[in-house]
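Read off the chains here:
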Amino acid sequence: MIGPLATGLILFSLAIGLVGLLTTMRNRAMGTVLLVALGVLEVGLLVQAGFVIAAMVRGEGPASSATLIGYLAGSVVIPPAAAFWGIGERSRWGPAVIAVAGFAIPGMVGRLLQVWQGMP
């Protein structure tokens, strides 16, 4: 895993979560900015996943690869699911879903880093 990329993903997803939370508190529907931000986050997560898979093919990585793959797959699925749900929900709860996704990704990426480093 690339540590600086993981840190950037964590910070960016926290920013998305905060913007989603503020949008929800202002009782606004989701806008294009949140969708674009989720798209950029997804690209970053896919790049990180590509590096992890390439390293695993080379034989690097932790002994518990099933856990790593589970967290990797989960982190890649969350932003598109949140985007589709947010598009479908045109009330204030669309951005709330985006906020939850934005706050879930740091936990997933942080756990990926722990698993990659061999922590149980």
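Please read these numbers as outputs of a predicted model, since none were measured by experiment.

### Here we look at the overall build of the chain
Summing up its helical and strand segments, the chain has four helices and zero strands in all. Helices (α) and strands (β) of the chain occur, in sequence order from the N terminus, as α-α-α-α. In terms of overall size, the chain behaves like a compact globule, its C-alpha atoms giving a radius of gyration of 15 Å where 120 residues would be expected to give roughly 14 Å. The proportion of buried residues among the 120 residues of the chain is 40%. Restricting to contacts in the chain with at least 6 residues of sequence separation, those with at least 24 account for 81%. Only carbon and sulfur atoms are counted for the fraction: they give 72% of the accessible area of the chain, which is about 6300 Å².

### Topic: the packing of aromatic side chains
This model, assessed by the stated rule, comprises zero aromatic pairs. Here the guanidinium or amino end of R92 rests over the ring plane of W93, the centre of that ring lying 5.0 Å away.

### Things to note about the nonpolar core
Core analysis: the biggest nonpolar cluster contains 28 residues, and M1, I16, L45 and I98 have the highest contact counts within it. Elements represented by at least two residues in this core include exactly α1 (3–25), α2 (32–57), α3 (65–88) and α4 (93–116). Setting aside residues no more than four positions away along its own chain, I16 makes contact with L34, A37, L38, L41 and I98.

### Considerations on α2
An α-helix turns once per 3.6 residues; consequently, residues spaced three or four apart project the same way. Its 26 residues place the ends of α2 37 Å apart at the C-alpha level, agreeing with the 38 Å of an ideal helix rising 1.5 Å per residue. Among all positions of α2, only L34, A37, L38, L41, E42, G44, L45, Q48, A49, V52 and A55 are buried. The inward-facing, buried residues of α2 abut α1, α3 and α4. G59 sits one or two positions beyond α2 and adopts a positive phi of about 100 degrees.

### A word on the packing of α1 against α2
At a closest axis distance of 10 Å, the pairing of α1 and α2 adopts a crossing angle of 160 degrees. Between α1 and α2, the angle falls in the class roughly antiparallel. Seen along the crossing, α1 lies across α2 with a hand that is left-handed. Contact residues: L5, A6, L9, F12, S13, I16, V19, G20 and T23 in α1; L34, A37, L38, V40, L41, G44, L45, V47 and Q48 in α2. Partitioning the contact of α1 with α2 into residue classes produces 13 nonpolar, five polar and no charged.

### What to know about the side chain of T24
Locating T24 in the fold gives a position in helix α1. Not counting chain neighbours up to four residues away, the residues in contact with T24 comprise R92, W93, P95 and A96.

Cut-off values and rules
Residues numbered from 1 in each chain as written. Predicted model: local features only at pLDDT ≥ 70, side-chain atom pairs only at ≥ 80, totals over all residues. Heavy atoms only, no water. Helix = DSSP H or I, 4+ residues; strand = E, 2+ residues; numbered from the N terminus. Rg over C-alpha atoms; globule rule 2.2 N^0.38 Å. Buried < 20%, exposed > 50% of the residue type's maximum accessible area, 1.4 Å probe, protein only. Contact = heavy atoms within 4.5 Å. Areas by Shrake-Rupley, 256 points an atom, 1.4 Å probe, with all protein chains shown as cover. Phe/Tyr/Trp six-rings, centres within 6.5 Å; stacked < 30°, edge-to-face > 60°. Lys NZ or Arg CZ within 6 Å of the ring centre and 35° of its normal. Core = buried A, V, L, I, M, F, W, Y, C linked by side-chain atoms within 4.5 Å. Expected span 1.5 Å × (residues − 1). Axes fitted to C-alpha atoms, helices over the stretch in contact; angles between N-to-C directions. Parallel < 35°, antiparallel > 145°, perpendicular 65-115°, else oblique. Left-handed = near helix turned anticlockwise from the far one by under 90°. Nonpolar A, V, L, I, M, F, W, Y, C, P; charged D, E, K, R; others polar.

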